[in-house]
Amino acid sequence: MDLFSAFLAFLLTALLYKYIFRRRDPTSPPCIKGWIPWLGAAFEFGKSPLEFIKLAVAKYGPIFTVLAAGNRLTFVTDAEDLDLFFNSKDVDFQQAVQEPVQHVASISRESFYKSHTAIHDTIKGRLAPSNLHLFSDNLFQEFSEHIQCLGKSGTEDLYDLVRQVMYPSVVNNLFGKGTCPTSKSEFKEFEKHFQKFDEDFEYGSQLPEIFLRDWSRSKHWLLSLFKGIVKNAEKGKSTDNDSKTLLQHLLDTLNGNATANYSLLLLWASQANAIPITFWTLAFIISHPSVYKAIMEEISSVLDEKDNILTVTQLQKLPQTKWCILEAIRLRAPGAITRKVVHPLKIKNYIVPPGDLLMMSPFWAHRSTKYFPDPEKFLPERWQKADLEKNVFLDGFVAFGGGRYQCPGRWFALLEIHMFVALILSKYSFSLLDPVPKQLPLSMGS
């Protein structure tokens, strides 16, 4: 071994030793480093994040840090720290999501800070409760049309059934009919790429594309597709503000800034959680006979087969159905909510340093016995205590985030799920042939 190679080996060994065995600052949360510098515990965490968090809490307590893909992820799991997570001036939402957005949609830092707040406020305004009537009639017609294509009876995978109705209906409603691929002839290749994009979205948000070549290929295929979609949408713009699609309002807000990139994110956001939660809502209802019976009685009291429309007002007369949706969200809320620590943040006896990504898992937050007695049970009636007429959820429910940048599309998401569940249950009688799974298989929109 020559002198240079020996020196390099010594240097790498020293760096590895320092990385793994350096003494922990007693004021910092316990840290899970993994064995590979920079990557840390990224792959171990990515394989099964919910189980990883559960085991980490048992071993290290309610606050711990994970080194993953060059980032320090500090998890907060105690219900009493939720207010600090959402409202502390020492944390920032935009700084937490800017880099992941750049990874998944090739949106530069400059473009992100130029448009993010305006995009959020546009979507929040267009999809506010007071505007839902602008979408509900068309959404009902779309759902009815696609439900009719299912036939009168049969056996089918519940997730696929939900997806084949909800995807085209919601996309046609938000983007404009025929704007995105929905027909069988166009859909096959699009589905393959969108499924891959969605499947590895979490990895894509953190890792360089060189590690995810198939995902990168699908991402750029979709971005190329959306360049054409945006071009066509720009040509067909309406001059009437209320009749514009959400995509057209988005394009107005962007004014030429990364339009295809943000349009892809809008499509992903419209599918990523709503379809799985609709599946879980139906699965939980059908698998609980007493709940199923109560829901069918409620729906029958409001709808009859001659109804040609299902209005927002009628949906308000189906509160138990909405309780089931919110309980399904509570039990199966996906993902993690994140903020970036911008100033030293005191949580319990620890100081979280600036630069850390502060993480909170809704899945585990919703299992706090402080807020949700018998947290593992599907109990829709617990939502009777929430003031849903005033759009107020139960304390401890964080599926839609909190603070300035709370999910801007949450009211539309609840509308579409509520309407679909009521319609599909009014048209068909369901029975499960297999037990309800603990988790969804990886598939489009999951």
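Predicted model, so just to flag it, every value in this text is computed and none were measured.

### As for helix 11 (residues 213–235)
Next, step 1: Given a rise of 1.5 Å per residue, 23 residues ought to cover 33 Å, and the 34 Å separating the end C-alpha atoms of helix 11 matches this to within 8%.
Next, step 2: Within the span of helix 11, buried status applies to W215, S216, S218, K219, L222, L223, F226, I229, V230 and A233.
Next, step 3: Contacts made by the buried residues of helix 11 are with helix 5 (93–105), helix 8 (158–175), helix 9 (184–199), helix 10 (201–206), helix 12 (246–254) and helix 13 (259–272).

### Here we look at the pairing of strand 3 (residues 71–76)
Next, step 1: With six bridges connecting them, strand 2 (residues 63–68) and strand 3 associate as antiparallel partners. In the strand pairing of strand 3, A68 is matched with N71.
Next, step 2: Here strand 2 folds back onto strand 3 in antiparallel fashion, the turn holding two residues, of which A69 has a positive phi close to 50°.
Next, step 3: Across three bridges, strand 3 lies against strand 8 (residues 357–360) in parallel orientation. What sits directly across from L73, in strand 8, is L357.

### Some words on the sheet that holds strand 2
Next, step 1: Pairing is mixed in the open sheet, where six strands are placed in the order 1-2-3-8-5-4. If you trace the sheet from one side to the other, it starts and ends with strand 1 (31–32) and strand 4 (91–92), each paired once.
Next, step 2: Relative to the sheet, helix 5 contacts strand 4, strand 5 (337–341) and strand 8, its axis offset from that of strand 5 by approximately 110°.

### Considerations on unusual backbone geometry
Next, step 1: At A69, a residue that is not glycine, the phi angle is positive and equals roughly 50°.
Next, step 2: Note on placement: A69 falls in the loop between strand 2 and strand 3.
Next, step 3: Taking relative accessible area as the criterion, A69 reaches 7% and is therefore assigned buried.
Next, step 4: The backbone of S106 sits at a positive phi, close to 55°, despite the residue not being glycine.
Next, step 5: Note that S106 resides in the loop between helix 5 and helix 6 (109–126).

### Some details on the pairing of strand 8
Next, step 1: What you see with strand 8 is no split at all: L357 and M359 on one side and L358 and M360 on the other are buried throughout.
Next, step 2: The sheet contact formed by strand 5 and strand 8 spans four bridges and is antiparallel. Within strand 8, the position partnered with I337 by the bridge is M360.

### Quick notes on the environment of F397
Next, step 1: Mapping F397 onto the fold places it in the loop between helix 18 (362–365) and helix 19 (410–427).
Next, step 2: A residue is classified by how much of its surface remains accessible, and F397, at 9% relative accessible area, is buried.
Next, step 3: The spacing of F397 and H120 is 277 residues in sequence and 21 Å in space, taken between C-alpha atoms.
Next, step 4: Residues within four places of F397 in sequence aside, it is in contact with L326, I329, R330, H366, F372 and W383.

### Considerations on the packing of helix 14 (residues 274–287) against helix 19
Next, step 1: Remark: helix 14 packs on helix 19, axes separated minimally by 10 Å, with the N-to-C direction vectors making an angle of 40°. Relative to helix 19, the element helix 14 is oriented oblique. The handedness of the crossing between helix 14 and helix 19 is right-handed. Contact residues: A274, I277, T278, T281, L282 and I285 in helix 14; E416, I417, F420, V421, I424 and L425 in helix 19.
Next, step 2: Looking at the contact of helix 14 with helix 19 residue by residue, the class counts come to nine nonpolar, two polar and one charged.

### Some thoughts on the packing of aromatic side chains
Next, step 1: Inspection of every chain in the model, using the stated rule, returns 28 aromatic pairs.
Next, step 2: A centroid spacing of 5.2 Å and a plane angle of 45° characterise the contact between Y167 and F187, whose relative ring orientation is tilted. With a gap of 20 residues between them, Y167 in helix 8 and F187 in helix 9 connect regions that are remote in the sequence. Summarising the burial analysis for this pair, Y167 and F187 share the class buried.
Next, step 3: For the pair F363 and W364, a centre-to-centre distance of 5.0 Å together with 85° between the ring planes defines the contact as edge-to-face.
Next, step 4: Under the relative-accessibility criterion, F363 is labelled buried at 13%.
Next, step 5: With relative accessibility at 24%, the residue W364 sits in the partly exposed group.
Next, step 6: The ring of Y405 carries R404 above its face, with NZ or CZ at 4.8 Å from the centroid.

### Re the pattern of salt bridges
Next, step 1: A complete count under the given rule lists 17 salt bridges for this structure.
Next, step 2: D121 is the salt-bridge partner of R404, the closest N and O atoms lying 3.1 Å from each other. In this pair, R404 is assigned in the loop between helix 18 and helix 19 and D121 in helix 6, connecting sequence segments 283 residues apart.
Next, step 3: Where K196 meets E199, a salt bridge forms, and the shortest distance between an N and an O atom there is 4.0 Å. Highlighted residues: K196 and E199, both in helix 9, separated by three residues, approximately one helical turn.
Next, step 4: In the salt-bridge network here, residues are joined through shared partners; they are D78, E80, D81 and K348.

Analysis parameters
Residues numbered from 1 in each chain as written. Predicted model: local features only at pLDDT ≥ 70, side-chain atom pairs only at ≥ 80, totals over all residues. Heavy atoms only, no water. Helix = DSSP H or I, 4+ residues; strand = E, 2+ residues; numbered from the N terminus. Expected span 1.5 Å × (residues − 1). Buried < 20%, exposed > 50% of the residue type's maximum accessible area, 1.4 Å probe, protein only. Contact = heavy atoms within 4.5 Å. Pairing = 2+ DSSP bridges. Axes fitted to C-alpha atoms, helices over the stretch in contact; angles between N-to-C directions. Parallel < 35°, antiparallel > 145°, perpendicular 65-115°, else oblique. Left-handed = near helix turned anticlockwise from the far one by under 90°. Nonpolar A, V, L, I, M, F, W, Y, C, P; charged D, E, K, R; others polar. Phe/Tyr/Trp six-rings, centres within 6.5 Å; stacked < 30°, edge-to-face > 60°. Lys NZ or Arg CZ within 6 Å of the ring centre and 35° of its normal. Salt bridge = Lys/Arg side-chain N within 4 Å of Asp/Glu carboxyl O.

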